Amino acid sequence: MSSAQLAPLVNTFKHALHSHRPQVGMFMGLNNPVSAEILATCGFDFLLIDCEHGINDMPTVQAQLQAMAPYPTQALVRPVDHNPATLKQLLGMGVQTILAPMVDTAAQAEQLVQALHYPPRGTRGVGTGLERGARWNAVTDYVKHAESNTCLVVQIESIQGLDNLEAICAVDGVDGVFIGPSDLAAALGHLGNAQHPDVQNTITLALSRINQQGTAAGLFCGNPGQVAAYRAAGACFMALGADTALLRNAAVQLAATARQNL
Ligand code: 3PY
Ligand code: MG
């Protein structure tokens, strides 16, 4: 390998899911490379840049990927939709793991797999000389190693998704299944109350069903007090809250503490 070439960029998150090694991370919605870099120093296995509900867009996703690159954490991106063109751009800018929201059927999961991989497995277009993902062709044999370092996690957050859970897990190329408690709560008639016992029981059962398929299971866990219970129920990877909420909660607490002493 010449000094102008790089070794393949290994997706340690994908490998962790396949060996069911527990992973903790956070959602990021602040849309800011400085806060992304700060969080990259904090000991999380992964940081998830959210384009579904956060205002992150293509240039700011790229800036955050660049900010996080020197640190031992993996970047995940949740795209706003399943559009293969959106996914192609994200992979091109160097995203190696996609968390796809609102996956309800095995057919949708299969379409996502196809969008993420080059032919013959999929339909991803080839443009490595223009793309950060391949480090503009500095990565040796990028196209040959892309499949083994590209990871798909699908989100289950509807009744239909629950009904099709086993079939979705069985799609070749689905590396993990992530429960979205807020949308699931809404789907179960408990909008705004993901802690409702019906929702929590449904989550526990879903985690067990995902594990029975041999697939890595994950979920959003806004309360660190629930980590142990979710782990016992079969969660392998958990997103522990969001940077936006962390900032607000800490600021509210700071203001309140100061006021108590005025
Ligand atoms: C949800 O809870 O609906 C999510 O998408 C992840 O937090
Ligand atoms: Mg959701």
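Calculation rules
- Residues numbered from 1 in each chain as written.
- Chains lettered and ligands numbered in written order.
- Predicted model: local features only at pLDDT ≥ 70, side-chain atom pairs only at ≥ 80, totals over all residues.
- Heavy atoms only, no water.
- Buried < 20%, exposed > 50% of the residue type's maximum accessible area, 1.4 Å probe, protein only.
- Helix = DSSP H or I, 4+ residues; strand = E, 2+ residues; numbered from the N terminus.
- Pairing = 2+ DSSP bridges.
- Right-handed = clockwise from strand over helix to strand, strands pointing away.
- Donors = N, O, S within 2.8 Å, 3.2 Å for Na, K, Ca; no water.
- Core = buried A, V, L, I, M, F, W, Y, C linked by side-chain atoms within 4.5 Å.
- Contact = heavy atoms within 4.5 Å.
- Arc of directions from axis to C-beta.
- Polar contact = N/O pair within 3.5 Å; in protein donor to acceptor, adjacent residues only side chain to side chain.
- Near = heavy atom within 4 Å.
- Areas by Shrake-Rupley, 256 points an atom, 1.4 Å probe, with all protein chains shown as cover.
- Phe/Tyr/Trp six-rings, centres within 6.5 Å; stacked < 30°, edge-to-face > 60°.
- Lys, Arg positive; Asp, Glu negative; His and termini not counted.
- Salt bridge = Lys/Arg side-chain N within 4 Å of Asp/Glu carboxyl O.

Draft legend 1. Looking closely at the pairing of strand E3 (residues 74-78). With four of five residues buried, E3 lies mostly within the body of the structure. Inspection of the sheet shows strand E2 (residues 46-50) paired to E3 by five bridges, in the parallel sense. Among the inter-strand pairings, Ile49 is bridged to a residue of E3, identified as Val77. Between the parallel elements E2 and E3, the chain passes through helix H3 (residues 58-68) in a crossover that is right-handed.

Draft legend 2. Focus on the coordination of the magnesium ion (ligand 2). Surrounding the magnesium ion (ligand 2) are the protein donor atoms Glu157 (OE) and Asp183 (OD), at 2.1 to 2.2 Å. With Glu157 in the loop between strand E5 (151-156) and helix H7 (159-163) and Asp183 in helix H9 (residues 181-187), this pair connects stretches of sequence that are 26 residues apart. Overall, the relative accessible area of 25% leaves Asp183 in the partly exposed class.

Draft legend 3. Looking closely at the nonpolar core. If you look at the biggest cluster of nonpolar residues, it comprises 52 residues, and the most contacted ones within it are Val61, Leu152 and Ile179. The residues contacting Leu152, other than those within four sequence positions of it, are Ile98, Ala100, Ala109, Leu112, Val113, Leu116, Gly173, Val174, Asp175 and Gly176.

Draft legend 4. Seen up close, the environment of Leu39. Its location among the elements puts Leu39 in helix H2 (residues 33-40). Linking Leu39 and Gln66, residues 27 residues apart in sequence, is a C-alpha distance of 13 Å. Leave out the neighbours within four places in its chain, and Leu39 touches Met26, Met28, Phe44, Leu47 and Asp243.

Draft legend 5. Quick look at H3. Every buried residue of H3 is accounted for by Thr60, Val61, Gln64, Leu65, Ala67 and Met68. One face of H3 carries all of its buried residues, which in axial projection span an arc of 160°. Of the surrounding elements, those touching the buried residues of H3 are strand E1 (23-28), H2, E2, E3 and helix H4 (84-92).

Draft legend 6. Representation of the side chain of Gln226 in the model. Relative to the elements of secondary structure, Gln226 occurs in the loop between strand E7 (216-220) and helix H11 (227-232). A polar contact is formed between the side chain of Gln226 and the side chain of Gln195, at a distance of 3.1 Å.

Draft legend 7. Quick peek at the site of ligand 1. Looking at ligand 1, the residues that line it are Arg78, Gln155, Glu157, Gly180, Pro181, Ser182, Asp183 and Phe220. Within the backbone of Pro181, one N or O atom sits 3.0 Å away from an oxygen atom of ligand 1. Notes on ligand 1: free accessible area 230 Å², of which the protein chains cover 93%. No other element matches H9, which puts three residues into the shell around ligand 1.

Draft legend 8. Local environment of the packing of aromatic side chains. Summed over the entire model, instances satisfying the criterion amount to six aromatic pairs. When the centroid spacing of 5.8 Å and the interplanar angle of 90° are considered together, the rings of Phe13 and Phe237 count as edge-to-face. One end of the pair, Phe13, is in helix H1 (residues 12-18); the other, Phe237, is in strand E8 (residues 235-242), with 224 residues separating them in the sequence. Between the aromatic rings of Phe27 and Phe220, the centroid separation amounts to 5.6 Å while the plane-to-plane angle is 75°, which identifies the pairing as edge-to-face. In this pair, Phe27 sits in strand E1 while Phe220 sits in strand E7, placing the two residues 193 residues apart along the sequence. What makes Phe27 buried here is its relative accessible area of 7%. Judged by its relative accessible area of 28%, Phe220 falls in the partly exposed class.

Draft legend 9. Just the side chain of Asp243, in detail. By secondary structure assignment, the location of Asp243 is in helix H12 (residues 243-260). Buried charge Asp243 goes without a salt bridge, the closest partner of opposite sign being Arg78 at 11 Å. Setting aside its immediate chain neighbours within four residues, Asp243 contacts Met26, Phe27, Met28, Gly29, Leu30 and Leu39.

Draft legend 10. Fine view of the pattern of salt bridges. This structure, assessed with the given rule, holds seven salt bridges. Of the charged contacts, one joins Arg78 and Glu52 as a salt bridge, the two residues approaching to 3.1 Å between their closest N and O atoms. With Arg78 in strand E3 and Glu52 in the loop between E2 and H3, the pair connects residues that are 26 residues apart, well separated along the chain. You can call Glu52 buried: its relative accessible area is 18%.

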